[in-house]
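Observations on the model geometry
Listed below are the residues making up each chain.
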Amino acid sequence: MTDTPSRPLRTGIQEHLGPSLSFLGLPRSPEALENAEAVIVPAPYDGTTTYKSGTREGPRAIILASRELEFYDEETETEPYRRGIATLDEVAVTVASPRHMVERIRTVGRMLFEAGKLPVLLGGEHLLSLGMIQAAAESFDSLTVLHFDAHPDLRPEYQESSFSNACVMHHILDHVPLVQVGIRSLTREEHQRIRERSIPAFFAHEIHDREDLPQRVVETLSPHVYVTIDLDVLDPSIMPAVGTPEPGGLGWYQLLRVLRAVSRKRRIVGFDVVELCPVPGMPAPDFLAARLVHKLLAYIFLDRS
Ligand SMILES: [Mn+2]
């Protein structure tokens, strides 16, 4: 026993610890969360994945890679972390049903939108986006969902369930306008649906050599935009770490140019990066996903200031 008050443990021990398990390795604290403009929501769930599971490892891989990124973004000449980027603990996975998991994401999303935060969901499988999109649609008028994906995910049902990755956009179709970019793998029925519902869909074979893609995408959008990025929208040459790699995807700068234009001309209220399925011994896709999150935050912060 000693009479002298001891130094708070955290103060003394902190200098011997590595970066926090948070986006960019930023220190975690309740104050950091309250003050943050953007909140990272890691959701390690791949409960309905049928072909190649592993996207449950995605959020952690993105966060680990993000700790190696530079704070500085040379294109915007900003340091996005200065605006406040907090990382939540992982969303608890429920095995009750995919519907429960979507509902949980929706609840988390609703709380973040109500607090005025910009949610950044890290998947995990694409089904999770549905919860965040529902929360965004409840929080914002005139919302469009801008959906980057090789697949339109418009099936009403897949393997006897409508709560599947293949059906995500089917659920929102009657509630929120949808714009799709990078589509290059779909069924005849999905293609018919795109036509019948007049969904602005930018097929990969039509846009791969179009310089005016960013402008054309922007023109389809309402004032508020939620961006959902299934990483398989990118070409497998730079993004092989997805469950269903399809040739002919977008390039890095092609995707960034669209995001830059959207951020400039519309208000992005939240976004997600999903379907990273890390490949052991191959760090590049994890870094790409982390940098993509950082880039989009840089764009959004710049245009909001
Ligand atoms: Mn996809």
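Just so it is clear, the structure is predicted and the values come from calculations on it, not from any experiment. The numbering scheme is per chain: residues are counted from 1 as the chain's sequence reads. For a predicted model such as this one, the threshold for reporting local features is a pLDDT of at least 70, and the threshold for listing and counting side-chain atom pairs is 80 or more; totals across whole chains, interfaces and linings nevertheless cover every residue. Side-chain metrics rest on all non-hydrogen atoms present in the structure, leaving aside hydrogens and water.

Section: the environment of S161
Structurally, S161 can be placed in the loop between β4 (143–148) and α6 (168–172). Sequence separation between S161 and D303 is 142 residues, and the spatial gap between their C-alpha atoms is 40 Å. For the purposes of these results, a polar contact is taken to be a pair of N or O atoms within 3.5 Å, where, inside protein, one atom must be able to donate a hydrogen and its partner to accept one; residues adjacent in sequence count only when each atom of the pair is a side-chain atom. At 2.9 Å, the side chain of S161 forms a polar contact with the backbone nitrogen of F163. Helix and strand definitions here come from DSSP, where helices need a minimum of 4 consecutive H or I residues and strands a minimum of 2 consecutive E residues; each element is numbered from the N-terminal end.

What to know about unusual backbone geometry
Comment: phi is negative for the bulk of residues other than glycine, and the bulk of peptide bonds are trans. The omega torsion across G123 and G124 is 10 degrees, close enough to zero to call that bond cis. Backbone geometry places E160, a non-glycine residue, at a positive phi of 65 degrees. Along the chain, E160 turns up in the loop between β4 and α6. Each residue's exposure class comes from its accessible area (1.4 Å probe, protein chains only) as a fraction of the maximum for that residue type: buried when under 20%, exposed when over 50%, partly exposed otherwise. Classification of E160 as exposed rests on a relative accessible area of 77%. Here the phi dihedral of S198 falls at roughly 55 degrees; this positive angle occurs in a residue that is not glycine. Secondary-structure assignment places S198 in the loop between α7 (188–196) and β6 (201–203).

Quick notes on the coordination of the manganese ion
For Na, K and Ca the donor cutoff is 3.2 Å, while for all other metals N, O and S atoms count as donors only within 2.8 Å; water does not appear among the atoms, so some sites may look incomplete. Distances from the manganese ion to its protein donors, namely D149 (OD), H151 (ND1), D230 (OD) and D232 (OD), fall within the range 2.2 to 2.3 Å. Motif for the manganese ion, donor spacing along one chain: D-x1-H-x78-D-x1-D. A residue pair is termed long-range when its members are at least 10 positions apart, and H151 in the loop between β4 and α6 and D230 in strand β7 (residues 224–230) qualify at 79 residues. Overall, D230 belongs to the buried group, its relative accessible area being 4%.

A word on the UniProt feature "binding site: Mn(2+) 1" (unreviewed entry) in the protein
UniProt positions are given in the numbering used here, feature names are shortened, and annotations may be inferred rather than shown by experiment. Within the UniProt annotation, "binding site: Mn(2+) 1" (unreviewed entry) is assigned to D149, H151, D153 and D230. Across 82 residues of sequence, these annotated residues stay compact in space, with a maximum C-alpha separation of 10.5 Å. The residues contacting D230, other than those within four sequence positions of it, are H126, F148, D149, V274 and E275. Between two residues, a contact is recorded if the distance between any of their heavy atoms is within 4.5 Å.

Examining the packing of aromatic side chains
By convention here, two paired aromatic rings are described through the distance between centres and the angle between planes. Here is the rule: rings of Phe, Tyr and Trp (six-membered ring for Trp) pair when centre to centre is within 6.5 Å. Planes less than 30 degrees apart are stacked, more than 60 are edge-to-face, and the remainder are tilted. On inspection of all chains with the given rule, the structure shows 2 aromatic pairs. On the basis of an interplanar angle of 40 degrees and a centroid distance of 4.6 Å, the ring pair of F71 and Y81 is categorised as tilted. Taken together, the positions of F71 in the loop between α3 (58–66) and β2 (85–87) and Y81 in the loop between α3 and β2 put the pair 10 residues apart, joining distant regions of the chain. On the accessibility criterion, F71 (33% relative accessible area) is partly exposed. Accessibility expressed as a relative area gives 25% for Y81, which makes it partly exposed. For the ring pair F113 and F140, a centre distance of 5.6 Å and an interplane angle of 85 degrees mean the geometry is edge-to-face.

A few points about the packing of α3 against helix α11 (residues 284–304)
Convention adopted: a line fitted to C-alpha atoms gives each axis, helices being fitted over their contacting stretch, and angles between N-to-C directions are expressed from 0 to 180 degrees. One way to put it is that α3 packs onto α11 with a least axis distance of 8 Å and a crossing angle of 80 degrees. As judged from the angle between their axes, α3 and α11 are roughly perpendicular. Where α3 abuts α11, its residues A61, I62, A65 and S66 lie against D286, F287, A289 and A290. Oblique is the label for any angle not under 35 degrees, not over 145, and not in the 65 to 115 range, which are roughly parallel, roughly antiparallel and roughly perpendicular in turn.

Some words on the UniProt feature "binding site: Mn(2+) 2" (unreviewed entry) in the protein
UniProt tags H126 and D232 as "binding site: Mn(2+) 2" (unreviewed entry). Over a stretch of 107 residues, the named residues converge on one spot in the fold, their C-alpha atoms separated by at most 10.8 Å. Within the secondary structure, H126 is located in the loop between β3 (118–123) and α5 (127–139). Sequence-distant contacts of H126, that is, excluding residues within four places in its chain, are made with H147, D149, D153, N165, V168, M169, T228, D230, V274 and E275.

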